[in-house]
Amino acid sequence: MKGYSYLATHPNEQKPSIPYKIGKTFQAQIYHPPRPPSYFYKTASGDVEDGIRQLHPVQLCLRHPPAPGKAGNEELQLRVIHQIRVGDHTSSQIVVAQPSVPQGNVVLSAIFARPTNVVAKIYDPLYYDFDEYHPDPFANCDTAFAHETLAYKYLLPISGMAVPYFYGSYCISVPLSKDATKTRNVMAVLYEYIHGIPLQDIAVRDYTQQQRQAIMRAVIKADNRMWQLDVNNLDLHPRNVIVVSAEEGEEARIRIIDFDHCQCGTRTESGDLERPTLEPLPREQVLTRWLNNDLERSRIDFDWLVDWPWDEWLKEYASNTPRTIPYGISLLE
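A quick note: this is a predicted structure, and the numbers were derived from the prediction, not measured. (Residues numbered from 1 in each chain as written. Predicted model: local features only at pLDDT ≥ 70, side-chain atom pairs only at ≥ 80, totals over all residues. Heavy atoms only, no water.)

1. Side note on the overall build of the protein chain
Using the following cut-off: In this text, helices come from DSSP runs of H or I with a minimum length of four residues, and strands from runs of E with a minimum of two, each type numbered from the N-terminal end. Only C-alpha atoms enter the radius of gyration, while the globule expectation follows 2.2 Å times N to the 0.38, with N the number of residues. Burial here depends on accessible area, computed with a 1.4 Å probe over protein chains only, as a share of the maximum for the residue type. Under 20% is buried, over 50% is exposed, and the range in between is partly exposed. For this analysis, residues touch if any pair of their heavy atoms sits within 4.5 Å. The charge count includes Lys and Arg as positive and Asp and Glu as negative, but it does not include His or the ends of the chains. For the purpose of locating charges, the reference atoms are NZ of Lys, CZ of Arg, CG of Asp and CD of Glu.
Per the secondary structure count, the protein chain includes 9 helices and 11 strands. Against the 2.2 N^0.38 benchmark of 20 Å for 333 residues, the protein chain shows a C-alpha radius of gyration of 21 Å, consistent with a compact globule. Principal axes of the C-alpha set define a box for the protein chain whose edges measure 60 × 50 × 45 Å. Out of the 333 residues in the protein chain, the part that is buried amounts to 52%. Intrachain contacts of the protein chain at a sequence separation of at least 6 include 75% that bridge at least 24 residues. For the protein chain, the centre of its 33 positive side-chain charges and the centre of its 41 negative side-chain charges are spaced 4 Å apart.

This is the structure:
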């Protein structure tokens, strides 16, 4: 094991086993993070860097609890029923959980009126990679939690259409060891579990050109709608697009996930956008964001999916985009 962290230099010691196992139950409390900072990633320095070198990760986590926010009064239990991504050296732990709401809790009963199971994305710095690129796991977990929570709030008007339903931000109590009386706090967001396949996992040979064009139309619609709601998604990538359906001759249905690299409210603050809106993005802005000559916002991550003249196709698509949209009606379905 290479690196500079305490465990890298003490190979006989190790982290506790990852607690997010199937069947495990955790107590969760509604928790509102502070407004996110301007950065998405921070390198360790000062006391944090020294602590990474000198302290066991558990001690370090206790020394650096999550950033203070505002706790709510509502609590529920989450029982893990499936692991999506669980492991060491990852920025978050992602599981499917079954929520259990206390009887008579009006607030939580309203929030969880729809779902039977939810995705819990848990920002646990203990299982961050402490060595690669010398990160500050605590600042990075805090900022990811805050950015993702804020993005979901901005995206509420398209919740359940272009993005999953959002069920809130939470503080979860995680046992320090087998003795469940000693715990530490980690942050998590809960959102709708989407039945589908990540776009990056599809085989092009299994989808006709018409089906792939329908998928790209859905991606562009979703991205345009997020942009109009003043959310600039800096991590729009095939791994974060869930394909729900893409039947021949029909509009594709997708959901965008993972919003911990989003800028929210910047266009409104700068005056470029009067206010977040459900109006369609003007044609010229669609072209600016998606034509190949704009490398920053081009389809480069989706290039493997496209085998048709992109710019000509995009111009035709943008020309056929409706100018207005009735209130409450989504173009994304």
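2. A word on the nonpolar core
Across soluble globular proteins, nonpolar side chains show a tendency to be buried alongside one another. Counted only if it meets this: We define a nonpolar core as any set of buried Ala, Val, Leu, Ile, Met, Phe, Trp, Tyr and Cys residues linked to one another through side-chain atoms lying within 4.5 Å.
In this structure, I215 and L314 are the most contacted members of the largest nonpolar core, which totals 92 residues. The element contributing the most residues to this core is helix 6 (residues 209-228), with 9 residues. Non-local contacts of L314, meaning those with residues more than four positions away in its chain, are made with I220, V286, L287, W290 and L291.

3. Quick notes on the sheet that holds strand 2 (residues 70-85)
The condition is simple: At least two bridges found by DSSP between two strands is the condition for calling them paired. Where helices are involved, their axes are fitted lines through C-alpha atoms of the stretch in contact, as for all axes, and angles between N-to-C directions lie from 0 to 180°.
Spatially, the 6 strands close up into a barrel ordered 1-2-3-4-6-5, and their pairing is antiparallel. Averaged over neighbouring strand pairs, the angle between their axes works out to 45° when direction is ignored. Summarising the sheet, strand 1 (residues 25-32) and strand 2 pair through 7 bridges and their orientation is antiparallel. Bridge pairing in strand 2 places A28 opposite L76. Against the sheet, helix 5 (residues 137-154) touches strand 1, strand 4 (118-123), strand 5 (166-175) and strand 6 (183-192), its axis set at about 30° to strand 6.

4. Some remarks on the sheet that holds strand 9 (residues 241-245)
On the basis of which strands lie adjacent, the open sheet formed by 3 strands has the order 7-9-10 and antiparallel pairing. Each edge of the open sheet is held by one strand with a lone partner, namely strand 7 (197-198) and strand 10 (253-256). Relative to strand 9, strand 7 runs antiparallel, the two sharing 2 bridges. Bridging across to strand 9, I197 finds its partner in V243. Helix 6 rests against strand 9 and strand 10 of the sheet, and its axis sits at about 40° to strand 10.

5. Regarding the environment of Q210
Mapped onto the secondary structure, Q210 falls in helix 6. Judged by its relative accessible area of 41%, Q210 falls in the partly exposed class. Taking the C-alpha atoms as reference points, Q210 and G249, separated by 39 residues in sequence, lie 7.4 Å from one another. Apart from the residues lying within four places of it in its own chain, the contact partners of Q210 are E248 and G249.

6. Considering the confidence of the model for the protein chain
We apply this condition: pLDDT is a residue-level measure of predictor confidence that goes from 0 to 100.
Mean pLDDT for the protein chain: 91, with 93% of residues reaching 70 or above. Segment residues 324-333: pLDDT under 50, and 23 contacts once partners within four positions in sequence are set aside and those in other chains are kept.

7. Brief notes about the pairing of strand 4
Counting buried residues in strand 4 gives 6 out of 6 residues, a clear majority hidden from the surface. Sheet analysis places strand 3 (residues 93-100) next to strand 4, joined by 5 bridges and oriented antiparallel. Across the sheet, residue V95 finds its bridge partner in strand 4, namely A120. Where strand 4 meets strand 6, 6 bridges bridge the pair, whose relative direction is antiparallel. Across the sheet, the residue bridging to A120 is L190, located in strand 6.

8. Examining helix 5
Which entries qualify depends on this criterion: In this scheme, a helix's expected span is set at 1.5 Å multiplied by one less than its residue total. Counted as a polar contact is a pair of N or O atoms within 3.5 Å, where, for protein atoms, one must be capable of donating a hydrogen and the other of accepting one, and residues adjacent in sequence contribute only when both atoms are in side chains.
Over its 18 residues, helix 5 extends 26 Å from the first C-alpha to the last, a length consistent with the 26 Å expected when each residue adds 1.5 Å. With a side-chain oxygen lying 3.1 Å from the backbone nitrogen of F138, the N-terminal cap of helix 5 falls on D136.

9. Structural notes on the pairing of strand 3
With 6 of 8 residues buried, strand 3 is to be regarded as a mostly interior element. Pairing between strand 2 and strand 3: 7 bridges, direction antiparallel. Pairing of Q83 across the sheet is with V95, part of strand 3.

10. Remarks on the pattern of salt bridges
Put simply, the rule reads: Each reported salt bridge corresponds to a side-chain nitrogen of Lys or Arg within 4 Å of a carboxyl oxygen of Asp or Glu.
According to the stated counting rule, one finds 13 salt bridges in the structure shown. Residue R289 pairs with D223 through a salt bridge whose shortest N-O separation is 2.9 Å. Residue R289 is found in helix 8 (residues 283-290), and its partner D223 is found in helix 6; the two are separated by 66 residues along the sequence. The pair R289 / D223 is uniform in exposure class, with both members buried. Counted as one network, the salt bridges with shared partners bring together K121, E148, D258 and D260.

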